[in-house]
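Observations on the model geometry
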Amino acid sequence: MNQDILLTVVIPAYNEEKNIRTTLEEISGYLNKKKFSYEIIVIDDGSKDKTFENTQTCSNLFSDFKVLKNDANKGKGYSVKRGILFAKGEYALFMDADNSTSIYEFDKFLPYLKEGYDAVIASRRLKTSNVEEPQPFFRAKMGQFYIFLARLILGLNLSDFNCGFKVYNTRTTYRIFELQKMNDWSFDVELLFLLNKYGLKIKEVPVRWIHKSESKVKPVKDAIKSFISILIIKLTALSRKYS
């Protein structure tokens, strides 16, 4: 960690050629008005389109910009872990490349980080959350069931696990990312489980969120995978492999 850098923005991207430049331009517009120092890390997760090339064209937008490329599609969890373990900022923000939650929401998060929270996470399910375009009905119901199972099996008292906008104190959570084993979408709930297991402080914050119709999530297939992943996380904990 470099004490001179306040914020690292980590963006995993897989086949995001249509979104990545727009997202980076908005991030640039936000950060270049701030007085704090930052770095941007984009992880191209083995994209088959022009995500990597389109990302590279944005290097002139930032004072500190890095693009990491996975040699194959390794998964969102793998990419986020790689980016955050590479981060030099005091805080590391992971956000989705499709910009479902805007970088401008970070203004709500920083005060909680300064209060001493180890992780501040976005929620679409709090009363004051602003979901401008909701998920399709079936996908939303599957998400609710997933949350129910995670609460029941993993003991997490949170309203939203998979919203792609979370900020971590890199000093206090570095070890948590080292312990992370899940490389797919289930990494989010695994990290929250580990934060809770080791007594770190988590704060949920309501955000403005817009569902992106081109989302790559497959509700039924990913719901089954997520259920299995929850069981794996629990079994891994019981076998004391998180240590």
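Above this text sits the structure in question.
Small disclaimer: the values here were computed from a predicted structure and weren't measured.

Quick look at the overall build of the protein chain now. For the protein chain, the helix and strand inventory stands at eight helices and nine strands. Its C-alpha atoms give the protein chain a radius of gyration of 17 Å, within 12% of the compact-globule value 18 Å for 243 residues. With respect to the three principal axes, the spread of C-alpha positions in the protein chain is 45 × 40 × 35 Å. Of the contacts formed within the protein chain by residues at least 6 apart in sequence, a portion of 80% connects residues at least 24 apart. Carbon together with sulfur atoms contributes 52% to the accessible area of the protein chain, which is approximately 11,500 Å² in total.

Counting residues in each nonpolar core, the largest one holds 36 residues, and the members touching the most others are Ile84, Leu154, Phe161, Val189 and Phe193. Of all elements in the fold, only strand 2 (38-44), helix 3 (76-86), strand 4 (91-95), strand 5 (119-123), helix 5 (137-154), helix 6 (170-179), helix 7 (187-197) and helix 8 (219-238) reach the threshold of two or more residues within this core. The greatest single-element share of this core, amounting to seven residues, is contributed by helix 7. Ignoring anything within four residues of it in the chain, the contact list for Leu154 reads Leu149, Val189, Phe193, Ile230, Ile233 and Lys234. Core analysis: the second largest hydrophobic core is formed by 35 residues, Leu7, Ile11, Tyr30 and Leu110 among them.

Here we come to the packing of aromatic side chains. Centre distance and the angle of the planes are the two values used to describe a pair of aromatic rings. Tallied over the full model, the rule gives ten aromatic pairs. Geometrically, the ring pair formed by Tyr30 and Tyr104 is edge-to-face, given 5.0 Å between the ring centres and 75° between the ring planes. Highlighted residues: Tyr30 in helix 1 (residues 20-31) and Tyr104 in the loop between strand 4 and helix 4 (106-115), separated in sequence by 74 residues. Exposure remark for Tyr104: the relative accessible area of 38% places this residue in the partly exposed category. Ring centres of Phe193 and Tyr242 lie 6.3 Å apart, and the angle between their planes is 55°; this geometry places the pair in the tilted category. Taken together, the positions of Phe193 in helix 7 and Tyr242 in the segment after helix 8 put the pair 49 residues apart, joining distant regions of the chain. On the basis of relative accessibility, which here comes to 9%, the residue Phe193 falls in the buried class. The buried category is assigned to Tyr242, whose relative accessible area is 3%. Put simply, the rings of Tyr38, Phe62 and Phe65 touch in pairs and so form one group of aromatic residues. Above the plane of the ring of Tyr117 lies Lys201, whose end atom (NZ or CZ) is 4.5 Å from the centre.

Our next topic: helix 7. For helix 7, the tally of buried residues reaches nine of eleven residues, placing the bulk of the element in the interior. Of all the positions in helix 7, only Phe187, Asp188, Val189, Glu190, Leu191, Leu192, Phe193, Leu194 and Leu195 are classed as buried. Downstream of helix 7 by a residue or two, Gly199 has a phi angle that is positive, lying close to 75°.

On the secondary structure map, Leu192 appears in helix 7. Look past the residues within four positions of Leu192 in its chain and what remains in contact with it is Ile121, Leu156, Leu158, Phe161, Lys166 and Ile202.

Read across the open sheet, the seven strands follow the order 3-2-1-4-7-5-8; overall the sheet is mixed. With partners counted over all chains shown, the strands left at the sheet margins are strand 3 (65-69) and strand 8 (202-206), one partner each. Sheet twist, expressed as the mean angle between neighbouring strand axes with direction ignored, is 20°. Looking at chain direction, strand 5 and strand 7 (residues 165-169) are connected through three bridges and run antiparallel. Note on strand 7: the bridge partner recorded for Ile121 is Lys166. Where helix 1 meets the sheet, it contacts strand 1 (7-13), strand 2, strand 3 and strand 4, and its direction lies at approximately 170° from that of strand 1. Across the face of the sheet, helix 6 comes into contact with strand 4 and strand 7 while running at roughly 105° to strand 7.

The rules behind the values
- Every chain is numbered independently, its residues counted from 1 as its sequence is written.
- Totals for whole chains, interfaces and linings use all residues, but because this is a predicted model, local features are given only for residues with pLDDT of at least 70 and pairs of side-chain atoms are given and counted only at 80 or more.
- Excluded from the side-chain calculations are hydrogens and water; all other atoms, namely the structure's heavy atoms, are used.
- Under the scheme used here, helices are H or I runs from DSSP no shorter than 4 residues and strands are E runs no shorter than 2 residues, and both carry numbers assigned from the N terminus.
- Note that the radius of gyration is over C-alpha atoms, with the globule rule given as 2.2 Å times the number of residues to the power 0.38.
- Pairs of residues are marked as contacts when any of their non-hydrogen atoms sit within 4.5 Å.
- The Shrake-Rupley method, run with a 1.4 Å probe, gives the accessible areas here. Residue values count only the displayed protein chains as cover.
- Put simply, a nonpolar core is a bunch of buried Ala, Val, Leu, Ile, Met, Phe, Trp, Tyr and Cys residues held in one set by side-chain atoms that sit within 4.5 Å of each other.
- With a 1.4 Å probe rolled over the protein chains alone, any residue whose accessible area is under 20% of its type maximum counts as buried; one over 50% counts as exposed, and the rest are partly exposed.
- Stacked, edge-to-face and tilted are the three classes for Phe, Tyr and Trp ring pairs, Trp counted by its six-membered ring, which pair at centre distances within 6.5 Å; planes under 30 degrees apart are stacked, over 60 edge-to-face, the rest tilted.
- Both a distance and an angle decide whether a charge sits over a ring: NZ of Lys or CZ of Arg must be within 6 Å of the ring centre and within 35 degrees of the ring normal.
- Between any two strands, pairing holds if DSSP finds at least two bridges.
- Here an axis means a line fitted to C-alpha atoms, over the contact stretch when the element is a helix, while the angle between two N-to-C directions is reported on a 0 to 180 degree scale.

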